[in-house]
Structures are given as structure tokens and as C-alpha cells.
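# Coordinate inspection notes
Here's the letter readout for the chains.
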Amino acid sequence: MKEKIVKAPEGQRINVLGDNQVLKLTGKDTNGQFAVIIQNLPPGAGVPKHVHSNDDEHFHLLEGEVHFEVGNDEYTLKAGDMIFLPRHIPHSLRVLGDTTAVVRLTVVPAGAEDMFMELDKLPEGPPDFEKVSEICGRYGVAFV
């Protein structure tokens, strides 16, 4: 493995169901250990309750406000706040307010970025939830 420097404007840009993401480090860069993704979530955007069986997630909110439901608990995070979500815990998130939320997402081990790249290839417009579920399922993510 070799070091990798990623300058601020660099990274692979993808759109995952309205979430403009920048893949900063992927499993190819880290020998599969982790991936780092910058998410730009528009106001009102969210992800329905789901569970990961293959990876843990760490969210570091850089801008905006995001509401998380984790199991039976609820949290509202603001810029500077972080949350760690171990695998097997159902969770959802939703952007609050009228500004874009910018989140640094670290996924351990890497792999979720491959799912996001597949979701980026879906046609524009309202998502086909059955197709989204099928893609996510291949990466150990199930909606509940």
C-alpha cells in the first residue's frame, strides 16, 4: 500500500439519489480497510431506516443539521458533531432546515462506495425502490 494525498477539490463525484457525493478514499486506496466519502445532502433529503451487516459507519457533520433515528433513539446533530453507527443497528437520517448538510462519512471496512457507484448509474427521476433495495442488498444493506 502507498500513501495517497487527496486535495480539497479532488475525488470522484457521483450522485446517489440526490446526494452529491465525493469519493475521497476508496477500498482501492486503503487496501479495503476503509472508505471516506463527502456527502452533500440537500434540505429534506434522507435515507429510510436500514441496517448494515457488512460495515460500520462514522458520520462527522461539517455543515448543516441532520436528524438520526438509531434503534429506538433519536439525535439531532449539528456542525462539528459525530456519530458512530456499528453494523446491525437499524438507523435512518434526514436533513433538517433549509441548507445543505455536508457530512464526512467513513465506512469500515470499505465496500459501501461500490454500492454508491452502482446507485449513481440509476436513471434520473424518482428511484425504483425495488432496484435500489436489490443493489443495496448485494452490499449487506437491508431496509427495515
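The structure presented is a predicted model; accordingly, all values stated were derived computationally and were not measured. (Residues numbered from 1 in each chain as written. Predicted model: local features only at pLDDT ≥ 70, side-chain atom pairs only at ≥ 80, totals over all residues. Heavy atoms only, no water.)

You can see Asn 15 is positioned in strand 1 (residues 12-16). Classification of Asn 15 by relative accessible area gives partly exposed; the value is 32%. Spatially, the C-alpha atoms of Asn 15 and Leu 122 are 9.5 Å apart, while their sequence positions differ by 107 residues. With residues up to four places along the chain from it excluded, the contact list for Asn 15 reads Asn 20, Leu 119 and Asp 120. A distance of 2.8 Å separates a polar side-chain atom of Asn 15 from the backbone nitrogen of Gly 18. Reaching out from Asn 15, the side chain makes a polar contact with the side chain of Asn 20 at a distance of 2.8 Å. (Helix = DSSP H or I, 4+ residues; strand = E, 2+ residues; numbered from the N terminus. Buried < 20%, exposed > 50% of the residue type's maximum accessible area, 1.4 Å probe, protein only. Contact = heavy atoms within 4.5 Å. Polar contact = N/O pair within 3.5 Å; in protein donor to acceptor, adjacent residues only side chain to side chain.)

The sheet contact formed by strand 6 (residues 65-70) and strand 7 (residues 73-78) spans 6 bridges and is antiparallel. In the strand pairing of strand 7, Val 66 is matched with Leu 77. Counted along the chain from strand 6 to the antiparallel partner strand 7, the turn is 2 residues long, and its residue Gly 71 has a positive phi close to 60°. (Pairing = 2+ DSSP bridges.)

For the rest of this paragraph, the subject is the packing of aromatic side chains. Inspection of every chain in the model, using the stated rule, returns 2 aromatic pairs. Ring geometry for Phe 59 versus Phe 68: centroids 5.2 Å apart, planes at 65°, classification edge-to-face. Of the two residues examined, Phe 59 and Phe 68, each falls in the buried class. Note on Phe 129 and Phe 143: the rings are 5.0 Å apart at their centroids and 55° apart in plane angle, and the pair reads as tilted. Remark: Phe 143 occurs in strand 11 (residues 141-143) and Phe 129 occurs in helix 3 (residues 129-138); sequence separation between them is 14 residues. Under the relative-accessibility criterion, Phe 129 is labelled partly exposed at 47%. (Phe/Tyr/Trp six-rings, centres within 6.5 Å; stacked < 30°, edge-to-face > 60°.)

Across the sheet, which stays open at both edges, the 5 strands sit in the order 7-6-9-4-11 with antiparallel pairing between neighbours. Looking at the sheet topology across the chains shown, the edges are occupied by strand 7 and strand 11. Ignoring which end each strand starts from, the neighbouring axes of this sheet average 30° apart. As judged from the 3 bridges shared by strand 4 (residues 46-52) and strand 9 (residues 91-96), these two strands associate in the antiparallel manner. Bridged to Gly 46 within strand 9 is Arg 94. (Axes fitted to C-alpha atoms, helices over the stretch in contact; angles between N-to-C directions.)

Let us now look at helix 3. Within helix 3 the residues assigned to the buried category are Val 132, Ile 135 and Cys 136. The buried residues of helix 3 occupy an angular sector of 95° when projected down its axis, which confines them to one face. Next to the buried residues of helix 3 lie helix 2 (112-120) and strand 11. The distance from a side-chain oxygen at the start of helix 3 to the backbone nitrogen of Glu 130 is 3.1 Å, and the residue carrying that oxygen is Asp 128. Backbone geometry just downstream of helix 3 places Gly 140 in the positive-phi region, at approximately 80°. (Arc of directions from axis to C-beta.)

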